[in-house]
Amino acid sequence: MQRILIDTDPGVDDAFAIFLAMRSPELQIEAITTVCGNVPVAQATQNLLTILGVLDLDEFPTIAEGEAEPLVKQLVTAAHVHGEDGLGNTSQHRSTDGSLLYPPANTEIATLSGVDLILEMASRYPDELIIVTLGPLTNIAKAIRKDAAKMRRLRKIVVMGGVFEEYGNVTTTAEFNIFVDPHAAQEVFQFGVPIHIAPLDATHQVVLTGERLHAEFDQQEDNISNFLKDATQACMEFYRRHVGFWGFHIHDALPMGMLTHPEYFESVDAYVQVETAGTLTNGMTVADLRRERRPPNPNAQVCIKVAAEAFLDHFFKRLH
Ligand code: RIB
Ligand code: CA
C-alpha cells in the first residue's frame with residue numbers, strides 16, 4: 001500500500017484521476033490539496049467537493065485549499081477547455097425538483113493551508129509519503145521554501161506535466177501545468193527528491209474517445225458514469241473543434257497508473273530544467289531524452305511509453 005497526497009486543480013481529467021485513485025486499493029489517499037490552475041483555487045476546492053460528492057464515501061481524506069497565485073506569473077486558467085466551472089458546468093446541473101444533481105461532499109475543508117497540510121503529511125509519514133501533482137507545482141515549491149528538511153523526507157513526487165518531444169498544449173513549447181508556474185516547477189525539479197514525470201509525450205498516447213466513454217458508461221446509471229458523461233461534454237466538444245477528434249486525454253489519470261501498475265509505463269532517466277525567462281519558450285521543460293545521452297546527474301524519470309489500451313481497460317475495470 002502506498003500513502004499518497006494528491007495536489008490537484010480540478011479540471012475534468014483531475015476528476016478521472018481522483019476516481020481512479022479512490023478505486024485503487026493499492027493507494028491510501030491521506031490528503032488532497034487544491035491549487036490554482038484550470039480554475040481559481042476557490043473553484044478548485046468547490047470542484048473537489050463536487051467530485052468527492054459523486055463517490056459514496058463514508059470517510060474522506062483531509063482536504064486543504066492551497067495557493068491562489070503562481071510564485072511569479074499571473075494566473076492563467078483553462079476554463080475554455082474544462083468549462084466555466086472547471087467541471088463541464090456540472091456544478092449547475094439540477095434534478096427536476098431543482099436540487100443539485102451533483103451536490104458537494106458533506107465534509108470540512110481543513111483550516112490549515114494546503115502548504116501546511118503538505119508539510120504535516122510529509123512529517124507524519126517520513127520516507128513514505130508520495131505526492132501526486134495534477135496541477136501547477138506552486139504548493140509543492142512553497143512547501144519546500146517553508147520547510148525543506150520536511151520535504152526532503154518525501155519518498156517521491158509523481159508529476160503530470162511537461163512536454164519533451166511533442167508540441168505543448170498551451171503554447172507551442174509548453175504544457176499547461178508547467179506553463180502556469182514555471183518557477184515552481186524549476187524549484188521542485190532541482191530540489192533533489194525523486195521525481196517521476198508523466199508528460200504530454202505519454203498522456204497523448206492514451207486517447208479516450210467519446211465513443212469509448214459512452215460504450216463503457218451508457219449501460220450504467222450510477223453516479224460516477226452519469227457525472228463523467230456530463231462533465232466531459234465541454235472538453236470533448238473543445239477537442240472536436242480544436243484537436244480534431246471527439247474525446248480527450250485523461251492526462252491526470254496516468255500518475256495513478258504509474259504507481260499501481262508500473263508495468264504499463266516505460267520511463268528514462270533525465271536531467272529536466274524549466275525555462276522561466278523565455279518569451280516564446282516560457283514554461284518549456286528542457287531535457288535530452290536520447291538513450292545515448294544518459295545524463296550524469298538525472299533529477300527525474302520521464303515516462304515516454306504507455307501500454308495505452310491496457311491502461312484504459314484497467315481504468316474502466318476499476319471504475320465499474
Ligand atoms: O496539460 C494537462 C494538465 O493541465 C492536466 O493536469 C489538466 O488538468 C491541466 O491541469
Ligand atoms: Ca489537472
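If you're wondering where the values come from, they're calculated on a predicted model, not measured in any experiment.

Asks: Lay out the nonpolar core with the relevant residues and their values.
Replies: Formed by 59 residues in total, the largest nonpolar core has its most connected members in Phe19, Phe227, Ile250, Met256 and Phe311. Looking at which element gives the most residues to this core, the answer is helix 1 (residues 12-22), with 8 residues. In contact with Phe311, not counting residues within four places along its chain, are Leu20, Val206, Ile250, Ala253, Leu254, Gly257, Tyr264, Phe265 and Val306. Grouped together as the second largest cluster of nonpolar side chains are 39 residues, Leu117, Leu129, Ile131 and Leu289 included.

Asks: Describe in detail the pairing of strand 2 (residues 27-34), supporting the description with residues and values.
Replies: Of all the 8 residues making up strand 2, 7 are buried; the element is thus mostly covered by neighbouring parts of the structure. Pairing geometry for strand 1 (residues 2-8) and strand 2, over 7 bridges, is parallel. By the bridge assignment for strand 2, Leu5 is matched with Ala31. The parallel pair strand 1 and strand 2 is bridged by helix 1, and the resulting crossover is right-handed. Across 4 bridges, strand 2 lies against strand 3 (residues 62-65) in parallel orientation. Following the sheet pairing, Ala31 is matched in strand 3 by Thr62. Assessed by its sense of winding, the connection that carries the chain from strand 2 through helix 2 (residues 41-54) to strand 3 is right-handed.

Asks: Explain the packing of aromatic side chains to me, and be specific about the residues and the numbers.
Replies: A full pass over the atoms with the stated rule returns 10 aromatic pairs. On the basis of an interplanar angle of 70 degrees and a centroid distance of 5.5 Å, the ring pair of Phe217 and Phe316 is categorised as edge-to-face. Separated by 99 residues along the polypeptide, Phe217 in helix 10 (residues 210-217) and Phe316 in helix 14 (residues 308-319) bring together distant segments of the chain. Overall, Phe316 belongs to the buried group, its relative accessible area being 1%. Ring centres of Tyr239 and Phe245 lie 5.4 Å apart, and the angle between their planes is 75 degrees; this geometry places the pair in the edge-to-face category. Under the relative-accessibility criterion, Phe245 is labelled partly exposed at 22%.

Asks: Give a detailed account of the site of ligand 1, specifying residues and quantitative values.
Replies: Close contacts around ligand 1 come from 13 residues, with Asp13, Asn169, Glu175, Asn177 and Asp252 the closest. With respect to ligand 1, the side chain of Asn38 contributes an N or O atom lying 3.0 Å from an oxygen atom. A distance of 2.8 Å separates an oxygen atom of ligand 1 from a polar side-chain atom of Asn169. Look at ligand 1: alone it shows 270 Å² of surface, and the protein chains cover 97% of it. If you map ligand 1 onto the pockets, it falls in the largest pocket.

Cut-offs applied
- Per chain, the residues get numbers from 1 upward, laid out in the order the sequence is written.
- All chains are assigned letters beginning at A, and all ligands numbers beginning at 1, according to the order in which they are written.
- Reporting of local features is limited, given that this is a predicted model, to residues whose pLDDT is at least 70; pairs of side-chain atoms are given and counted only at 80 or more, and all residues count toward the totals for whole chains, interfaces and linings.
- Side-chain measures were taken over the full set of non-hydrogen atoms in the model, leaving aside hydrogen atoms and water.
- Among the buried residues, those of types Ala, Val, Leu, Ile, Met, Phe, Trp, Tyr and Cys that are joined through side-chain atoms within 4.5 Å form a nonpolar core.
- To sort residues, take the accessible area from a 1.4 Å probe on protein chains only and compare it with the maximum for the residue type: under 20% means buried, over 50% means exposed, and anything in between is partly exposed.
- Every helix listed is a DSSP run of H or I at least four residues long, and every strand listed is a run of E at least two residues long, numbered separately from the N terminus.
- Here a residue-residue contact requires only that any non-hydrogen atoms of the pair lie within 4.5 Å.
- Strands are labelled as partners when DSSP assigns at least two bridges between them.
- When the strands point away from the viewer, a crossover counts as right-handed if the route from the first strand across the helix to the second turns clockwise.
- To pair, rings of Phe, Tyr and Trp, with the six-membered ring standing in for Trp, must have centres within 6.5 Å; the planes then decide the type, stacked if under 30 degrees apart, edge-to-face if over 60, and tilted in the middle.
- We call a residue near a given molecule or strand whenever any one of its heavy atoms falls within 4 Å of it.
- In the analysis that follows, any N or O atom pair within 3.5 Å is treated as a polar contact, provided that within protein one partner can donate a hydrogen and the other can accept it, and provided that, for residues neighboring in sequence, both atoms belong to side chains.
- Here the accessible surface of atoms and residues is derived via Shrake-Rupley with a 1.4 Å probe, and residues count as covered only by protein chains that are part of the display.
- In this analysis, the protein atoms alone were mapped onto a 1 Å grid. Cavities are point sets where a 1.4 Å probe fits without being able to get out; pockets are open sets with protein on both sides within 12 Å along at least five of seven lines; lining residues have an atom within 4 Å of a point.
- Throughout, a molecule is located in a cavity or pocket provided that more than half of its atoms lie within 2 Å of its grid points.

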